[in-house]
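These are the residues of each chain, in order.
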Amino acid sequence: MCSDTALDYEVAQGRAQSFYARFERKDELQHQTHYCPGCGHGIANKMLARAIDELGIQDRTILVGPVGCSVFTYYYFDVGNIQAAHGRAPAVATAVKRSRPEAVVISYQGDGDLSAIGSAEILHAANRGENITVIFVNNAIYSMTGGQAAPTTLLGQKSTTTPGGRAADTEGYPLHMSELLATLEAPVYIERVGLGDNKQTAQAGRAIRRALENQVRGLGFSLVEVLAPCPTIWKMSPVDAQHWVRDVMEKTFPLGVMRDRTGEAMPKPAAPPSPALEEIPRILGVADEDLPQGNAHAVEGSREVDLEVRIAGFGGQGVLLLGEVLAEAGLDAGLEVSWLPSYGPEMRSGTSNCHVRLASGSIDSPLVSAPGILVAMNEPSLRKFDRSVRPGGWVIYNGSEFPADCARADVRVLALPFTEVAHQLGDARASNMIMLGALLEMTAVLPEASVGAALRRLVKNPRWIELDERALARGRALFREAYVEVGA
Amino acid sequence: MRKQLMKGNEAIVKSAILAGCRGFYGYPITPASEITEAAALYMPRCGGVFVQAESEVAAINMLYGAAAAGVRAMTASSGPGISLMQEGISYMAGAELPCVIADITRGGPGLGNIGSEQSDYHQVVKGGGHGNYRTLVLAPHSVQEMADLTALAFTLAERYRNPVFLLADGFVGQMMEPVEFPQQAVAAPTPGWAVTGSAETRCNVVNSLHMGVDELEAHVGELEKKYRLAEQREARAEEWQTDDAEIVLVGYGIVGRILKAVTAEARAAGIKVGVLRPITLYPFPTAHFRRLALRARLFVVVEMSNGQLVEDVRLALNGARPVEFVSRTGGNVPSHEDLFRYVQALARQLNPGARAEEECLAHV
């Protein structure tokens with residue numbers, strides 16, 4: 001208020017407490033906003049500030065400002081202020097509210113911001129039922145950028161980008177955001193109000209206050225759409241612009257309550273209290289006392305280990321689990337290990353493979369391009385990787401007959417119908433563990449205790465543990481038999 | 001501390017929570033989805049917020065909100081999603097908001113594929129958004145580094161009030177290795193500039209708008225000062241057998257691992273090779289390059305991209321030494337066998353005398 005000039009009128013309502021005493025946007029004219037004379041934003045700002053005052057929430061309030069004519073809200077509102085990117089205020093407000101549930105978070109947006117570029121953000125914030133308050137100021141035009149058409153521009157309305165007037169054929173119809181959002185389940189309160197005359201303006205004030213009150217009560221998403229005059233862009237006098245809101249705009253955007261579930265809505269339950277910091281490692285499963293001690297140094301000193309294994313097969317054959325048990329057992333035995341899966345479409349198209357390394361020294365690359373051992377659980381996998389096996393290496397192949405054209409003089413082969421053996425054991429799906437058993441016997445690196453511990457860590461079902469243990473033993477026996485046979 | 005086997009993607013989330021992160025806002029994408037899934041599981045249990053956003057655009061703007069409210073927050077995505085986030089990253093850099101973004105890179109451009117690539121280097125290291133800003137970028141090459149550098153990322157984000165990237169590839173994200181974590185979770189105090197909805201913070205404003213030309217230039221100048229400081233203090237690289245290296249192999253992430261394997265083989269064959277692995281991609285470890293250039297004769301950059309890191313290496317060396325470039329793309333990985341043969345050929349070119357000697361021996 002200007003106190004230094006003599007007033008020739010009486011002040012019925014003074015400046016709201018929630019406005020700054022001086023607006024430091026410009027060096028001069030610090031008692032004025034940047035809004036044009038007759039602009040609806042000035043009125044909407046004032047009613048919002050007054051509602052904040054009335055509810056006594058100034059300290060708790062965080063105003064998220066948009067891009068558009070109301071971009072400078074942080075110059076006027078003496079509350080916590082966050083300026084957001086164009087259209088993104090509901091996303092910003094979502095996280096502010098979730099981060100600070102005690103704060104009262106307001107997303108203040110224009111129609112270009114909310115109904116065009118930010119249409120996804122408002123839709124989903126509303127659909128999640130975020131406990132925020134949205135003030136949506138609709139003047140049917142992009143004003144800040146000089147009068148381009150908005151999704152809310154009326155049919156026939158001229159703008160710089162609809163010079164012949166908005167045509168439904170090419171620009172579609174005015175977007176009714178409030179009606180659209182009122183089709184969602186989550187919002188508790190949506191009302192369209194106008195600034196077309198004093199009566200409408202008074203109702204707008206009540207609606208804004210209710211929308212804030214809902215949030216304070218913890219009820220959920222509230223939105224007030226305010227039909228607002230823009231005399232400058234509409235090229236009208238402030239009085240004519242106000243009448244145009246009431247006489248023309250309102251025909252396209254009828255005023256009224258689109259949603260009111262404030263009566264039945266229950267306050268959202270508060271989040272459970274956060275655990276103490278000391279509990280976090282345990283919750284994350286990384287606390288030392290909850291991790292297996294392992295069988296460290298079981299291998300160290302006895303021999304140098306450097307196993308490079310490639311495991312491949314159809315999805316569902318347990319390719320990745322075979323590799324995981326091997327890696328987990330290696331870790332348990334105090335070795336350095338790595339496990340690298342193939343992932344994505346390859347996995348989903350039905351084939352799968354993984355790289356496993358176990359070493360007594362540090363592992364440089366986890367990629368196994370020339371494996372010392374190839375575990376091929378089917379023929380396509382064998383054909384894909386058989387040439388890559390290192391001279392002197394092994395192929396463990398799931399099939400009674402090893403394809404003759406895959407045979408190599410410099411690679412040893414263990415080819416057995418592992419799936420059939422697994423079926424005899426009780427479940428064909430245990431073939432992976434039989435093959436792992438053969439691999440373990442062949443390499444003779446890992447102590448059985450480590451393999452058992454790994455299995456119990458990765459397989460939770462006791463029936464499967466029992467079966468897998470038998471499968472591992474069977475695999476070991478099969479290798480011994482075959483090896484003796486080969487040796488003989 | 002005991003080690004456990006874990007995927008790199010999961011290690012990021014656990015380390016983030018231990019480092020005080022209490023907000024995760026994400027959108028699923030292969031090969032980064034495990035990060036979002038682990039956050040969905042653990043964040044609420046630890047008193048944090050998890051929201052699956054409607055898009056990466058929304059996710060990064062949620063991060064903007066969480067950071068503005070003074071909460072340590074992160075997101076994770078891959079190439080196409082990072083492209084969508086660039087708007088919000090620019091706003092966060094402009095508004096000086098800290099956050100951590102993990103990019104588990106896949107193949108591009110466009111929909112590309114979900115194979116492992118390093119083709120996001122330009123959009124992450126150079127900044128893909130508008131305006132005068134930088135992001136700090138850390139490039140882990142193991143699951144342990146996924147954990148350790150995530151914790152560092154939060155420290156740097158807060159220290160410089162700026163977004164910090166973890167730039168990894170699908171391999172580092174998807175592979176399992178033994179990893180250990182600190183046994184004490186960090187308490188993250190609310191920064192004084194945050195807007196928390198309290199009387200003390202009522203005067204705070206989070207904003208990237210500076211209307212006056214001089215005002216904006218001053219702001220950009222302040223940001224630049226931070227970046228210069230980060231360049232002086234935060235550059236990191238690992239040097240591997242570089243002391244007497246004639247050929248320095250350069251690569252980050254999974255490529256760094258492969259280059260170590262190549263080095264082992266090359267050293268066994270008597271070739272003086274070493275690895276320089278940038279750990280920070282911005283700030284770029286220029287000093288390491290200049291120092292190694294005093295002795296090394298040749299640098300070889302290996303990338304799973306069409307040549308992005310190599311530009312920074314050339315800038316760092318500024319013509320002091322020749323730079324060769326080896327590229328695989330599309331999800332292909334340079335095998336260490338191929339690279340070894342390539343290095344052998346380079347070594348023969350560098351030392352023709354040694355080659356003659358070798359041939360003489362072969363003819364004996």
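Residues numbered from 1 in each chain as written. Chains lettered and ligands numbered in written order. Predicted model: local features only at pLDDT ≥ 70, side-chain atom pairs only at ≥ 80, totals over all residues. Heavy atoms only, no water.

Examining the packing of helix H3 (residues 89-99) of chain A against helix H5 (residues 119-128) of chain A
The geometry of H3(A) relative to H5(A) is characterised by a closest axis approach of 8 Å and an angle of 35° between their N-to-C directions. For the pair H3(A) and H5(A), contact is made by Pro90(A), Ala91(A), Thr94(A) and Arg98(A) and by Glu121(A), Ile122(A), Ala125(A) and Arg128(A), respectively. (Axes fitted to C-alpha atoms, helices over the stretch in contact; angles between N-to-C directions. Helix = DSSP H or I, 4+ residues; strand = E, 2+ residues; numbered from the N terminus. Contact = heavy atoms within 4.5 Å.)

Section: helix H11 (residues 309-317) of chain B
All names here are of chain B. For H11, the set of buried residues is Leu-309, Val-310, Asp-312, Val-313, Ala-316 and Leu-317. Down the axis of H11, the sector holding all buried residues measures 160°, keeping them to one side. Asn-318 occupies a position one or two residues after H11 and carries a positive phi of about 50°. (Buried < 20%, exposed > 50% of the residue type's maximum accessible area, 1.4 Å probe, protein only. Arc of directions from axis to C-beta.)

Quick notes on the domain arrangement of chain B
Residue and element names in this part refer to chain B. Its domain assignment divides chain B into domain 1 (4-233) and domain 2 (237-363). Spacing between the C-alpha centres of domain 1 and domain 2 amounts to 31 Å. Contact residues are listed per partner, giving 32 residues for domain 1 and 29 residues for domain 2. Buried surface at the junction of domain 1 and domain 2, summed over both partners, amounts to about 2,400 Å²; 53% is from carbon and sulfur atoms. On the domain 1 side of the interface with domain 2, the three residues burying the most area are Gln-118, Tyr-121 and His-141, jointly 32% of the side's total. Glu-145 serves as the salt-bridge partner of Arg-277, at 2.7 Å between the closest nitrogen and oxygen. On the surface where domain 1 and domain 2 come into contact, there are 20 residue pairs in polar contact (both at pLDDT 80 or more). Among the elements that line the side of domain 1 that touches domain 2, the one with the most residues is helix H8 (residues 213-233), at 4 residues. A class-by-class count of the residues in the side of domain 1 that touches domain 2 yields 14 nonpolar, 9 polar and 9 charged. (Domains from an automatic or database assignment. Buried area = accessible area lost by both parts, 1.4 Å probe. Salt bridge = Lys/Arg side-chain N within 4 Å of Asp/Glu carboxyl O. Polar contact = N/O pair within 3.5 Å; in protein donor to acceptor, adjacent residues only side chain to side chain. Nonpolar A, V, L, I, M, F, W, Y, C, P; charged D, E, K, R; others polar.)

Quick word on the packing of helix H12 (residues 319-332) of chain A against helix H16 (residues 431-443) of chain A
Residues and elements named next belong to chain A. Across the interface, H12 lies against H16 with an axial gap of 9 Å and an inter-helix angle of 40°. The hand of the H12/H16 crossing is right-handed. On H16, the residues that touch Leu-321, Leu-322, Val-325 and Leu-326 of H12 are Asn-432, Met-433, Met-435, Leu-436, Leu-439 and Leu-440. (Left-handed = near helix turned anticlockwise from the far one by under 90°.)

With respect to the layout of surface pockets
One number sums up the size of the largest pocket: a volume of about 1,200 Å³. Around the largest pocket, the lining comprises 40 residues; the ones closest to its centre are Arg98(A), Ser99(A), Pro101(A), Ala271(A) and Val49(B). Of all the secondary structure elements, the ones that give two or more residues to the lining of the largest pocket are H3 and helix H8 (198-216) of chain A together with strand E3 (49-52) of chain B. By residue number, the principal contributor to the lining of the largest pocket is H3(A), which donates 3 residues. Grouping the amino acids of the lining of the largest pocket by side-chain chemistry returns 18 nonpolar, 11 polar and 11 charged. (1 Å grid on protein atoms, 1.4 Å probe; cavity = no way out; pocket = protein on both sides within 12 Å on 5 of 7 lines; lining within 4 Å. Points joined across faces, edges and corners; volume = space filled by probe spheres on them.)

Considering the interface of chain B and chain A
Contact with chain B, which involves 76 residues of that partner, is made by 69 residues of chain A. Of the roughly 5,900 Å² buried between chain B and chain A on both sides combined, carbon and sulfur atoms contribute 61%. Broken down residue by residue, the surface that chain B buries against chain A is led by Arg2(B), Glu54(B) and Arg202(B), which jointly contribute 13%. At the surface where chain B touches chain A, the tally comes to 4 salt bridges. Counting across the chain B and chain A interface gives 22 residue pairs in polar contact (both at pLDDT 80 or more). Its residues assigned to classes, the side of chain B that touches chain A shows 41 nonpolar, 22 polar and 13 charged.

Quick notes on helix H3 (residues 56-68) of chain B
All names here are of chain B. Compared with the 18 Å implied by 1.5 Å per residue over 13 residues, the 18 Å span of H3 between its first and last C-alpha is a close match. In terms of burial, H3 is largely enclosed, as 13 of its 13 residues are buried. Two to three positions downstream of the cap, the backbone nitrogen of Val-57 sits 3.2 Å from a side-chain oxygen, assigning the N-cap of H3 to Ser-55. Backbone geometry just downstream of H3 places Gly-70 in the positive-phi region, at approximately 85°. (Expected span 1.5 Å × (residues − 1).)

Some thoughts on a nonpolar patch on the surface
Residue and element names in this part refer to chain A. A cluster of nonpolar side chains, namely Leu-7, Tyr-9 and Val-11, defines an oily patch on the protein surface of about 290 Å² accessible area. Within the fold, Tyr-9 resides in the segment before helix H1 (40-55). Given a relative accessible area of 55%, Tyr-9 falls into the exposed group. (Patch = residues over 30% accessible without salt bridge, like charges linked within 9 Å, V, L, I, M, F, W, Y side chains within 5 Å. Areas by Shrake-Rupley, 256 points an atom, 1.4 Å probe, with all protein chains shown as cover.)

Concerning the sheet that holds strand E2 (residues 80-83) of chain A
Strand order in the open sheet formed by 8 strands is E7(A)-E5(A)-E6(A)-E4(A)-E3(A)-E1(A)-E2(A)-E10(B), and the pairing between neighbours is mixed. Each edge of the sheet is formed by a strand with only one pairing partner; in this case those strands are strand E7 (256-260) of chain A together with strand E10 (205-206) of chain B. The pairing of strand E3 (residues 104-110) of chain A with strand E4 (residues 133-138) of chain A spans 5 bridges and is classified as parallel. Within E4(A), the residue paired with Gln109(A) across the bridge is Phe136(A). Lying on the sheet, H8(A) is in contact with E3, E4, strand E5 (189-194), strand E6 (222-227) and E7 of chain A; it crosses E5(A) at an angle near 160°. (Pairing = 2+ DSSP bridges.)

Some words on the pattern of salt bridges
As enumerated under the stated definition, the model contains 46 salt bridges over all chains in all. The residue Arg282(A) makes a salt bridge to Glu289(A) at a minimum N-O spacing of 3.2 Å. Its relative accessible area of 56% is what places Glu289(A) among the exposed residues. Between Glu158(B) and Arg72(B) there is a salt bridge, and its shortest N-O distance comes to 3.0 Å. With Glu158(B) in helix H6 (residues 143-160) and Arg72(B) in the loop between H3 and strand E4 (73-77), the pair connects residues that are 86 residues apart, well separated along the chain. By relative accessible area, Glu158(B) is classed as partly exposed at 25%. Residue classification places Arg72(B) among the buried residues on the basis of a relative accessible area of 15%. Salt bridges here are not isolated pairs; linked through shared partners, they connect Arg98(A), Arg128(A), Glu130(A) and Glu54(B).

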